[in-house]
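Next come the chains, spelled out residue by residue.
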Amino acid sequence: MTGARILSVENLSVAYEDAGGSYNILDDVSFTLRKGEILGIVGESGSGKSMTCRALMRLLPSSRLRETGGAVRLEDGRDVLGLSQDELSEVRGRRIGMIFQNPASHLDPVMSIGRQIAESIRYHRKLGRTEAWAQMLDILRQVGIPDPESRANAYTHEFSGGMRQRAMIAVALACDPDILIADEPTTALDVTVQAQILRLLQQLRDERGLSIIFITHDLGVVYQLCDTVAVMYAGRLCEYGPKHEVIHHPRHHYTAGLVACQPSSEGGTGLVPTIPGQPPSPRDMPMGCRFHPRCGAADALCAARQPPLEESQPGHSCACHHPADLVAEAEA
Amino acid sequence: MNRYRFVLYRPIQLIPVLVGISVITFVLVRSIPGDPARVLLGPRTTESALARVREQFGLDEPLWLQYFYFVKNLFKGELGKSILYKVDVLKLIATRIEPTLVLVIGSVLLALLIATPMAAIAARRRGSWADHLIRIISTAGLGFPAFWLAIMLILLFSVQLGWFPVTGYGRTFWDKVHHMTLPCLTTGLALAAVLTRNLRASMLAELQSDQATAARARGLPETFVFWRHVVPNSLVPTVNLLAVNIGWLISGSVVIETVFAIPGMGQLLVRGIFTRDYMVVQGVAMVFACATVLVNFLADILTVTIDPRVKL
């Protein structure tokens, strides 16, 4: 990646606090995003990938959740976690846009799509009604909604699944943000529509220089779309690096397991391998490496000490005492 | 807009409802023990005089024929001649409808003026002392019977403070406003209690909805999100609750008009019942029933306007 750093997340931690105590949901998550980069965050349900994005937008879904440490630095060096409400309003929408898994519930059902987009434009850019409306039509056209003049007056329920996701992308891009956070935007779509949305995101990156954080549990999508990958497990980053490096030469055993779980079209035994066991609950995190109870290469060290996220090759870091590639070499 | 097509055919669907209402009011009124002719003429009278009065008002005819005349009059735009007042019931109602309309509309406006900010404060500051206070008051408000609240308001504002008259309606506009404030407040407060609780609950649900989160993610400030995205979505269930309660309010006007001695339709109805004035009772009941049906019809139109997903 050659672009300038546009966002860096530094040691972000989030805790859930209730009468029973405080539980770490996110622990020490760090990554950077460059201009025009598409970063994929992968992991199982509950690994903290959505929570990371909610935290960096300061949109944690409960008052019991709190950012307990770290920083989210913008291009200009400001920390999102320390912004006032007014500054936050400016960052959300104008700098960072967000799209979600379920567009049907994340769009206002009683306001037309066009008005939802125009509303953001009018609010952020202080434009008049007619100017905002014209810009809105332009954005609908850019995201590939046919016949924008008439579709602008339609409501969410009158759109198909794919069109809804396009509409939500249009809403998020209304004020031309530099960064788009996409929280599993294609999970609820069928494969052909998913491919169209992925192509649209790539096209937006190419045309606008948009940087995208793409959250998914689907490594196949990461492989198609992303430049870099961050793999999360139980609220921690376990591997982070360029897509080809991470997928073809996984160093963390969890990543290796995920790669092995991808169904391939090239035959095999017909059975998709799985990673044995379940991800841990935040109330009951294992000591040491959080993956060690499910890991084939774990030993006493893994159970005792948390492995740090270390850069083994430039740009490729991994948090493992016994990286998978070294284990494989030793066995060979 | 074909979503509004129901406005055309709904009145046709109303016909069986109105037929049902007319039968029920007709039969119910006549099942009250007592004889209108005897009430009119007093205890000391002759059988022949009673018979004459019964004949004059058609009360000696078989029931089905009486019902037929009632319906025939309806088609002529009449509700039958009052036994006591000797004029058409519709004319009687025309002289009495204004205070009742003022009472119902005034109560609804007051209730909305009270409930909307209350619910907004309670929902936006959930768990604060303001929220707790509003919830306690609105729960208590559900428990007070309207007539008791009316008497308490009279004792405080009329008897103790002397701000408002105890009873009556007034002649000039401001005189009427002065007279109707307490009655409207009585029913308005009761209605506000129901609305506040309902509106608070739906606002809370909408505040946590995905669409509100997405609106915040677009950088819209909280107040903007609240009034533009949370409130419109939380109004949908409240509109229907309001319609049901306006129906209750219309019949509740009977009690309030009695307590405050307001010369409205409720009072007319009560007097009609005591004097066994069948025509008045069934006439007023018909008008009340039609008004309730009309209010629900208007609520449906409003719901369709607010929520584009609703198809009727």
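Source: prediction; values computed, not measured. (Residues numbered from 1 in each chain as written. Chains lettered and ligands numbered in written order. Predicted model: local features only at pLDDT ≥ 70, side-chain atom pairs only at ≥ 80, totals over all residues.)

A.B. asks: I keep staring at the overall build of chain A and nothing clicks. Help me out?
C.D. replies: When helices and strands are counted, chain A shows 13 helices and 11 strands. In terms of overall size, chain A behaves like a compact globule, its C-alpha atoms giving a radius of gyration of 21 Å where 332 residues would be expected to give roughly 20 Å. With 332 residues in all, chain A has 43% of them scored as buried. Relative to all contacts within chain A whose residues are 6 or more apart in sequence, the contacts with residues 24 or more apart total 64%. (Helix = DSSP H or I, 4+ residues; strand = E, 2+ residues; numbered from the N terminus. Rg over C-alpha atoms; globule rule 2.2 N^0.38 Å. Buried ≥ 20, exposed ≤ 12 C-beta atoms within 10 Å, placed from the backbone. Contact = placed C-beta atoms within 7 Å.)

A.B. asks: Whenever I open this one, the overall build of chain B confuses me. Can you help?
C.D. replies: Within chain B, the secondary structure is distributed over 12 helices and zero strands. Seen in sequence order, chain B has helices and strands lined up from the N terminus as α-α-α-α-α-α-α-α-α-α-α-α. Projected onto its principal axes, the C-alpha positions of chain B cover 85 × 55 × 35 Å. The contacts of chain B with a sequence gap of at least 6 include a subset with a gap of at least 24, amounting to 71%.

A.B. asks: What am I meant to see in the interface of chain A and chain B here?
C.D. replies: Contacts between the two partners involve 23 residues from chain A and, on the opposite side, 19 residues from chain B. Listing elements by their share of the side of chain A that touches chain B, those giving two or more residues are α2 (85-94), α3 (103-106) and α4 (113-125) of chain A. For the side of chain A that touches chain B, the leading source of residues is α2 of chain A, giving six residues.

A.B. asks: Help me out: how do you make sense of helix α1 (residues 6-30) of chain B in this one?
C.D. replies: Because an α-helix packs 3.6 residues into every turn, residues spaced three or four apart end up facing the same way. The end-to-end C-alpha distance of α1 of chain B is 36 Å, a good match for the 36 Å that 25 residues give at a rise of 1.5 Å each. Taken together, the buried positions of α1 of chain B are occupied by T25, F26 and V29 of chain B. (Expected span 1.5 Å × (residues − 1).)

A.B. asks: Where do I start with helix α5 (residues 129-142) of chain A in this structure?
C.D. replies: Residue and element names in this part refer to chain A. In this model, α5 (14 residues) spans 20 Å end to end at C-alpha, consistent with the 20 Å of a helix rising 1.5 Å per residue. All of the buried residues in α5 are A132, M136, I139 and L140. The buried residues of α5 occupy one face: seen down the axis, they fall within an arc of 100°. Opposite the buried face of α5, at more than 90 degrees from it, the exposed residues are T130 and D138. Elements that come into contact with the buried residues of α5 comprise α4, α6 (148-151) and α7 (161-173). (Arc of directions from axis to C-beta.)

A.B. asks: Help me out: how do you make sense of the sheet that holds strand β1 (residues 5-18) of chain A in this one?
C.D. replies: Hydrogen bonds along the backbone pair up the strands of a sheet, which may run parallel or antiparallel. All names here are of chain A. An order of β2-β1-β4 is seen for the three strands of this open sheet, with the pairing classed as antiparallel. Each edge of the open sheet carries a strand with a single partner, namely β2 (21-34) and β4 (65-74). Strand-to-strand twist across the sheet, computed as the mean angle between neighbouring axes with direction ignored, equals 5°. One ladder, built from 10 bridges, connects β1 with β2; its direction is antiparallel. Looking at β2, one finds that L12 is bridged to V29. Contacts from helix α1 (residues 49-56) reach β1, β2 and β4 within the one sheet, and its direction differs from that of β1 by about 105°. (Pairing = 2+ DSSP bridges. Axes fitted to C-alpha atoms, helices over the stretch in contact; angles between N-to-C directions.)

A.B. asks: Looking at this structure, I do not really get the sheet that holds strand β7 (residues 211-216) of chain A. What am I missing?
C.D. replies: Residues and elements named next belong to chain A. Strand order in the open sheet formed by eight strands is β5-β6-β7-β3-β8-β9-β11-β10, with mixed pairing between adjacent strands. The sheet is open, and its two borders are formed by β5 (96-99) and β10 (310-313), each paired with just one other strand. Going from strand to strand, the sheet's axes swing by 20° on average, the running direction of each strand aside. Across the sheet, helix α11 (residues 253-261) is in contact with β3 (38-42), β8 (228-233) and β9 (236-242); its angle to β8 comes to roughly 105°.

A.B. asks: I keep staring at the packing of α4 of chain A against α7 of chain A and nothing clicks. Help me out?
C.D. replies: All names here are of chain A. The contact between α4 and α7 brings their axes to 8 Å, and the two run at 20°. Relative to α7, the element α4 lies roughly parallel. Crossing angle aside, the handedness with which α4 passes α7 is right-handed. Only A167, A170 and V171 of α7 make contact with α4, whose side of the interface consists of I113, Q116, I117 and S120. (Parallel < 35°, antiparallel > 145°, perpendicular 65-115°, else oblique. Left-handed = near helix turned anticlockwise from the far one by under 90°.)

A.B. asks: Please explain the confidence of the model for chain A as it appears in this structure.
C.D. replies: Do not read the fine detail of predicted coordinates wherever pLDDT is low. Overall, the prediction assigns chain A a mean pLDDT of 87, with 95% of residues at 70 or greater. The least confident element of chain A is helix α13 (residues 324-331) of chain A, whose mean pLDDT is 70; the most confident is β3 of chain A, at 94. (pLDDT = per-residue confidence, 0-100.)

A.B. asks: Got a minute to help me understand the nonpolar core in this structure?
C.D. replies: Nonpolar side chains in soluble globular proteins tend to end up buried together. Ranked by size, the top nonpolar core spans 157 residues in total, and within it A170, I213 and V231 of chain A together with V284 of chain B carry the most contacts. Apart from residues no more than four positions distant in its own chain, V284 of chain B is found in contact with I93, M265, L268, L269 and G272 of chain B. (Core = buried A, V, L, I, M, F, W, Y, C linked by C-beta atoms within 7 Å.)

A.B. asks: Sorry, what's going on with the pairing of β5 of chain A here?
C.D. replies: The side chains of a regular strand alternate, residue by residue, between the two faces of the sheet. Residues and elements named next belong to chain A. By the alternation rule, side chains of β5 split into I96 and M98 and G97 and I99, which are all buried. Pairing between β5 and strand β6 (residues 179-183): four bridges, direction parallel. The partner of I99 across the bridge, within β6, is A182.

A.B. asks: Just to check I follow, could you spell out unusual backbone geometry for this structure?
C.D. replies: What you tend to see is this: most non-glycine residues have negative phi, and most peptide bonds are trans. Residue and element names in this part refer to chain A. Phi at D176 takes a positive value of approximately 55°, unusual for a residue other than glycine. Relative to the assigned elements, D176 resides in the loop between α7 and β6. Judged by the 16 C-beta atoms lying within 10 Å of it, D176 falls in the partly exposed class. We note that A234 has phi near 50°; this positive angle belongs to a residue other than glycine. Tracing the sequence through the fold places A234 in the loop between β8 and β9.

A.B. asks: I'm lost on the packing of helix α5 (residues 89-124) of chain B against helix α11 (residues 265-274) of chain B in this one. Help?
C.D. replies: For any two helices packed against each other, the geometry is given by the interaxial angle and the distance between the axes. Residues and elements named next belong to chain B. The interhelical angle for the contact between α5 and α11, taken along N-to-C directions, is 130°, at an axis separation of 7 Å. On the basis of their axis angle, the class for α5 and α11 is oblique. For the pair α5 and α11, the contacting residues are L92, I93, R96, I97 and T100 in the first and M265, G266 and L268 in the second. Residue composition of the contact of α5 with α11, by class: five nonpolar, two polar and one charged. (Nonpolar A, V, L, I, M, F, W, Y, C, P; charged D, E, K, R; others polar.)

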